[in-house]
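Chain by chain, the residues:
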Amino acid sequence: DPALQRVWLPQGSDENAFDALVTLYRYRGALDRALAIAQEWVQAQPQNGLARDTMGEVKFLAGDYPGAAADFDTAAGLFTRVPPPPVDPDTGEGHGDIGPSWSLLRKAAALLQGGQREAANEVLSSLTRVAEAGVDSGGDSELVLASHINDALGVAALFSGDFEYAVWHFRPTDASLACSAV
């Protein structure tokens, strides 16, 4: 670990190095070290939505659901002010799974894991229009986001016993994926 950090210590605004180092520690199961690097990243780049979203992800994996939810909420606000660059279709560079709606979806997951079902349902309800727009868009990344939102809304409806509403949310997801595969 110390040798790796000496060779590959993120400096200033090196987003890729921070992201890779957090991911490396996370995959190795060293969540305490991943969290420390994520905190350094947020401190070095407090207006970076990816940094805050990544810190929320590490907290989520460590079981700190309230902390994760707060970080995902902050990331959504940061992404709203400064949207992430789109994925470049030629190089594949960029992140297709970040942005305000993705961070809010992660916030809802953290709230659910933390036992805050009503708060999670409020966040999910705020994403209903995003899901509907995504299903209608025909764009791959929008369809993926819409599918995840509809799945989360369907699961939330199942937990509340509203089976008709659950079916309504699962059906657009299936149709979207079937159309996307053709």
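Residues numbered from 1 in each chain as written. Predicted model: local features only at pLDDT ≥ 70, side-chain atom pairs only at ≥ 80, totals over all residues. Heavy atoms only, no water.

Observations regarding the pattern of salt bridges
And then number 1: Summed over all chains, the structure comprises five salt bridges.
And then number 2: Between E57 and R26 there is a salt bridge, with the nearest N and O atoms lying 2.8 Å from each other. Placement of E57 in helix α4 (residues 49–61) and of R26 in helix α2 (residues 15–27) is noted, with a sequence separation of 31 residues between them.
And then number 3: A relative accessible area of 26% means that E57 is categorised as partly exposed. (Salt bridge = Lys/Arg side-chain N within 4 Å of Asp/Glu carboxyl O. Helix = DSSP H or I, 4+ residues; strand = E, 2+ residues; numbered from the N terminus. Buried < 20%, exposed > 50% of the residue type's maximum accessible area, 1.4 Å probe, protein only.)

What to know about the environment of A44
And then number 1: With respect to the helices and strands, the residue A44 is situated in helix α3 (residues 31–44).
And then number 2: Distance in space between the C-alpha atoms of A44 and D14 is 9.5 Å, their sequence separation being 30 residues.

Things to note about α2
And then number 1: For α2, built from 13 residues, the straight-helix expectation of 18 Å at 1.5 Å per residue is met to within 8% by its first-to-last C-alpha distance of 18 Å.
And then number 2: Residues of α2 that are buried: A17, F18, D19, L21, V22, Y25 and R26.
And then number 3: Downstream of α2 by one or two residues, G29 has phi in the positive range, about 85 degrees. (Expected span 1.5 Å × (residues − 1).)

Looking at the packing of aromatic side chains
And then number 1: Considering all chains together, one arrives at two aromatic pairs under this definition.
And then number 2: When the centroid spacing of 5.8 Å and the interplanar angle of 0 degrees are considered together, the rings of F18 and W41 count as stacked. Of the two residues, F18 is situated in helix α2 and W41 in helix α3; the sequence distance between them amounts to 23 residues.
And then number 3: We classify W41 as buried; its relative accessible area is 0%.
And then number 4: Measuring from ring centre to ring centre gives 5.2 Å for F60 and Y65, while their planes differ by 70 degrees; the resulting arrangement is edge-to-face. (Phe/Tyr/Trp six-rings, centres within 6.5 Å; stacked < 30°, edge-to-face > 60°.)

Comments concerning the packing of α2 against α3
And then number 1: Here α2 crosses α3 at 165 degrees, and the two axes come no closer than 7 Å. The angle between the axes of α2 and α3 places the two elements in the roughly antiparallel class. Remark: the crossing between α2 and α3 carries left-handed chirality. Listed contacts from α3 to E15, F18, D19, L21, V22, Y25 and R26 of α2 are L31, R33, A34, I37, A38, E40, W41 and A44.
And then number 2: The residue inventory of the contact of α2 with α3, partitioned by class, reads 10 nonpolar, no polar and five charged. (Axes fitted to C-alpha atoms, helices over the stretch in contact; angles between N-to-C directions. Parallel < 35°, antiparallel > 145°, perpendicular 65-115°, else oblique. Left-handed = near helix turned anticlockwise from the far one by under 90°. Contact = heavy atoms within 4.5 Å. Nonpolar A, V, L, I, M, F, W, Y, C, P; charged D, E, K, R; others polar.)

Comments concerning the environment of D32
And then number 1: Along the polypeptide, D32 turns up in helix α3.
And then number 2: Judged by its relative accessible area of 62%, D32 is exposed.
And then number 3: On a C-alpha basis, the gap between D32 and K59 in space is 9.3 Å, while along the polypeptide they are 27 residues apart.

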